[in-house]
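Survey of secondary and tertiary structure
Listed below are the residues making up each chain.
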Amino acid sequence: MQVLLQLLISGVLLGAVYALGALGLNLIFGVAKVVNFAHGEFLMLGMFAGYWLMTLTGINPYYGAPLIGVAFFLLGLLFYGGLMRFTIYKPELTQVFATLGLGILLQNLALMAWSADYRTVQVMPPGFESINFLGVFVPTNRLVAAGYAAVILGAVIVFLKTTFTGRAIEAVSQDLMAARLMGVNPNRIFLITFGLGIALTGVAGAVLVPSFYAFPSVGSFFVLVSFVVVVLGGLGSVAGTALGGLVLGIVETGTGYLAPDLKEATHFVLLILLLALRPHGLLGVKGAEKETLK
Amino acid sequence: MRAHGYLATGRRDLPGLALTLLVAVALPLLVRDEYYANVLVLILIYAGLASSWNLIGGVAGQFSLGHSAFFGIGAYSSTILYNYLGVSPWLGLLVGGVISVALAALISFPVFRMRGVFFAMATLAVSETIRILVIYARKFVPLPYSISINYEPGFWRMIFEDRSSYALLAGCYFLVCAAVTFVLTRSYTGYYLRAIRDNEDAADASGIHIRRYKLLAFVVSAFLTAAGGTLMAQYILYIEPGTVFSMELSVDLPLMSILGGIGTVLGPFVGALILIPLRELLVEHLGGTLPGAHLVLYGLLLILIVILLPNGLLGGLARLGARLRGRRPAARPEVRKA
């Protein structure tokens, strides 16, 4: 019983982290129908941003995350304006390889700049790295990251449902042509969405760095995890991303307990099965996986 | 171009044919320098691999990012059979090919239900799963992480003393892959595949058996990729899961096809001809002093190619030629969204 509770809590905390990491990917996919293969690298940059913020200025990444979010919003604007703008109405192949190329570029720039060392920061005071809850071990770093995930997921849902810009984003995501006819400028929405998606990814990276090691190739792990979360939860659905993250976190923690070496394989097997059996995910709209920009 | 019976070939194919024979057979006999022979072997093996990918990825438009699974199976099958049972790699090549065909047929059930980027992600997931399973399998079988093949030259051992023999072997491999592509693109099957690529729903409505033709392209592609894996293992004489099942390879093959001209017979060769020497040069000059620098350039190149040359160098040249002759560009094989 104790073991089950421990697995459940670890799984939920890990799942919240995964959901936070995947949110930016899903937002960009849902709106612009672009799978950003450089997503993991932006997360990696966010982790390094958190690391350097703490190392150079002493600001705890948990407090500095909003600052990093603003910086990454600008980075996202640059990403769209400098690259994705040229691929947006082109064939999928162009988008896959442009983002894949950017990912390779960023990963190796990071390697050149910061070497392949594993880095992390010590944020929690000694003796407070974990708390005991009903006899279960709860790492505080993960707890804070999960708290961040909950707040950000909630904020994004509120933003999309209540603000004018948010609703314009939803409109473009649901039907580009109709949104255009209603006077929404899709290119502006794409720009904002990329800014927002990359900002969320940067924040996720910064919040993760106290509990995960940052190194240049960490992104290739997160991009696949994020993709599984997005497909699991449903393409273009924020609530689905939260659910998808939790399911993956729990499944992975469970497999990790039973067969640690196969932990990674669960992602992929889950992904293949899902894509084949329920491509629109748990909460997604049916047919979303066949949609492209017209 | 008139259709002569089953194969629609024409006089315009002759220069390409002559060029292919020249690079595949004549060059290996001419190049004597060790360094250049090595580059030539790599170019020809990669040209064959990229041609194999091109069958499913280019001609049929099913964008696989998991071809390293077939490559790795080819490399592992022949190496294990040779090292532990003494089976000739020539037979090992066939075994690896058959296993790859079986895998392709098996995974076709889930992955063919997806299109475009989802197909890409699913095939990527398959190859990553296989890599993890190969590493995991060492728990049950006494297999070292990396396997070396002893250097004992011999034809039946598929190990040669001089590089030009390897180059000839690689040339023949490329020739087979190019010939298969040529036959496939000039036949009805090729037209069906291109119809599927351009618009799957319309192809379906026209009565084309979608699954049958996609599967055909997929298994042939898988078989040829596995054969390339065996050749590479016999050339390098060393394999490990991290390199033969690497995602880098899965990305290289489409990149070469795109660079040269996706869906064309000689495009993958042109891509390999440019990328392999470029990589050798970059690794040589930057690899030691600035780790990662050559991959930064590689990533940049990838971005520039897909944006500036979506139809590859051959497509670009054809358009340039048409423009110089004052004609309107011919309807080019546009790579379309699924």
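Model, not experiment: these values are computed from the prediction.

Here's the deal with the overall build of chain A
The helix and strand inventory of chain A stands at 11 helices and two strands. Tracing chain A from N to C terminus, the helices and strands come up as α-α-α-α-β-β-α-α-α-α-α-α-α. Computed over the C-alpha atoms, the radius of gyration of chain A is 19 Å, within 12% of the 19 Å expected from 2.2 N^0.38 for a compact globule of 294 residues. Overall, chain A is about 60 × 45 × 35 Å in size when its C-alpha atoms are taken along their principal axes. Evaluated residue by residue, chain A yields a buried proportion of 54% over its 294 residues.

Some remarks on the overall build of chain B
Counting its secondary structure elements, chain B contains 14 helices and two strands. In terms of overall dimensions, chain B is globule-like: its C-alpha atoms have a radius of gyration of 20 Å, near the 20 Å expected for 338 residues. By principal-axis analysis of the C-alpha atoms, chain B measures approximately 60 × 45 × 45 Å. Looking at chain B as a whole, 50% of its 338 residues are labelled buried.

Quick look at the UniProt feature "transmembrane region" (unreviewed entry) in chain B
All names here are of chain B. With numbering aligned to this structure, UniProt lists the feature "transmembrane region" (unreviewed entry) at residues 12–30, 36–56, 90–109, 116–137, 166–184, 215–238, 258–278 and 290–309. Within residues 12–30, the helical portion is 89% and the strand portion 0%, while the C-alpha atoms at the span's ends are 27 Å from each other. End C-alpha atoms of residues 166–184 are separated by 27 Å, and the span's content is 100% helix alongside 0% strand.

Let's talk about the UniProt feature "transmembrane region" (unreviewed entry) in chain A
Annotation from UniProt places "transmembrane region" (unreviewed entry) at residues 6–30, 42–59, 65–84, 96–116, 136–160 and 189–209 of chain A. Secondary structure over residues 65–84 of chain A splits into 90% helix and 0% strand, and the C-alpha atoms at its two ends are 25 Å apart.

Observations concerning helix 7 (residues 188–198) of chain B
Residues and elements named next belong to chain B. Turning to helix 7, its buried residues number three or more, namely Gly190, Tyr192, Leu193, Ile196 and Arg197. The buried residues of helix 7 occupy an angular sector of 160 degrees when projected down its axis, which confines them to one face. Residues of helix 7 that are buried sit in contact with helix 2 (34–59), helix 6 (163–185), helix 8 (200–205) and helix 9 (210–236).

Some thoughts on the interface of chain B and chain A
Listed per partner, the contact involves 38 residues of chain B and 36 residues of chain A. Elements that contribute at least two residues to the side of chain B that touches chain A include exactly helix 5 (116–137), helix 11 (247–260) and helix 13 (293–308) of chain B. Per element, the largest residue contribution to the side of chain B that touches chain A is 13 residues, and it comes from helix 5 of chain B. Taken together, the residues that form the side of chain B that touches chain A break down as 29 nonpolar, four polar and five charged.

Some points on the environment of Leu13(A)
All names here are of chain A. Looking at the secondary structure, you find Leu13 in helix 1 (residues 2–32). Spatially, the C-alpha atoms of Leu13 and Leu246 are 8.0 Å apart, while their sequence positions differ by 233 residues. The contact partners of Leu13, leaving out residues within four places of it in the chain, are Arg142, Leu143 and Ala146.

A closer look at the nonpolar core
Grouped together as the largest cluster of nonpolar side chains are 198 residues, with contacts concentrated most on Ala19(A), Leu271(A), Leu44(B) and Ala122(B). Setting aside its immediate chain neighbours within four residues, Ala19(A) contacts Ala149(A), Leu153(A), Val229(A), Thr241(A), Ala242(A), Gly244(A), Gly245(A) and Leu246(A).

Regarding the pairing of strand 1 (residues 130–133) of chain A
A regular strand carries its side chains on alternate faces of the sheet. Residues and elements named next belong to chain A. The sheet contact formed by strand 1 and strand 2 (residues 136–139) spans four bridges and is antiparallel. Bridge assignment links Asn132 to a residue of strand 2, and that residue is Phe137. Between the end of strand 1 and the start of strand 2, which pair antiparallel, lie two residues, with Leu134 showing a positive phi angle near 50 degrees.

Details of the packing of helix 1 of chain A against helix 8 (residues 186–208) of chain A
Residue and element names in this part refer to chain A. Put simply, helix 1 and helix 8 touch, their axes get as near as 9 Å, and they point 170 degrees apart. What the angle tells us is that helix 1 and helix 8 run roughly antiparallel. When helix 1 is examined against helix 8, the residues Val17, Leu20, Gly21, Leu23, Gly24, Leu27, Ile28, Val31 and Ala32 are found in contact with a partner set consisting of Ile189, Phe190, Thr193, Phe194, Leu196, Gly197, Ile198, Leu200, Thr201, Ala204, Val207 and Leu208.

Regarding the packing of helix 4 (residues 89–111) of chain B against helix 5 of chain B
Residue and element names in this part refer to chain B. Packing of helix 4 against helix 5 leaves a shortest axis separation of 11 Å and a crossing angle of 140 degrees. By the criterion of interaxial angle, the relationship of helix 4 to helix 5 is oblique. Every pair of crossing elements has a handedness; the one defined by helix 4 and helix 5 is right-handed. Contacts between helix 4 and helix 5 involve Ile107, Pro110 and Val111 on the former and, on the latter, Phe119, Ala122, Thr123 and Val126. Split into classes, the residues belonging to the contact of helix 4 with helix 5 amount to six nonpolar, one polar and no charged.

Some details on unusual backbone geometry
Residues and elements named next belong to chain A. Notably, Ser115 is not glycine yet its phi reads approximately 60 degrees, a positive angle. Among the structural elements, Ser115 can be located in the loop between helix 4 (92–114) and strand 1. When the 12 C-beta atoms within 10 Å are taken as the criterion, Ser115 is described as exposed.

The rules we used
- Residues numbered from 1 in each chain as written.
- Chains lettered and ligands numbered in written order.
- Predicted model: local features only at pLDDT ≥ 70, side-chain atom pairs only at ≥ 80, totals over all residues.
- Helix = DSSP H or I, 4+ residues; strand = E, 2+ residues; numbered from the N terminus.
- Rg over C-alpha atoms; globule rule 2.2 N^0.38 Å.
- Buried ≥ 20, exposed ≤ 12 C-beta atoms within 10 Å, placed from the backbone.
- UniProt positions renumbered as here; feature names shortened; annotations may be inferred.
- Arc of directions from axis to C-beta.
- Contact = placed C-beta atoms within 7 Å.
- Nonpolar A, V, L, I, M, F, W, Y, C, P; charged D, E, K, R; others polar.
- Core = buried A, V, L, I, M, F, W, Y, C linked by C-beta atoms within 7 Å.
- Pairing = 2+ DSSP bridges.
- Axes fitted to C-alpha atoms, helices over the stretch in contact; angles between N-to-C directions.
- Parallel < 35°, antiparallel > 145°, perpendicular 65-115°, else oblique.
- Left-handed = near helix turned anticlockwise from the far one by under 90°.

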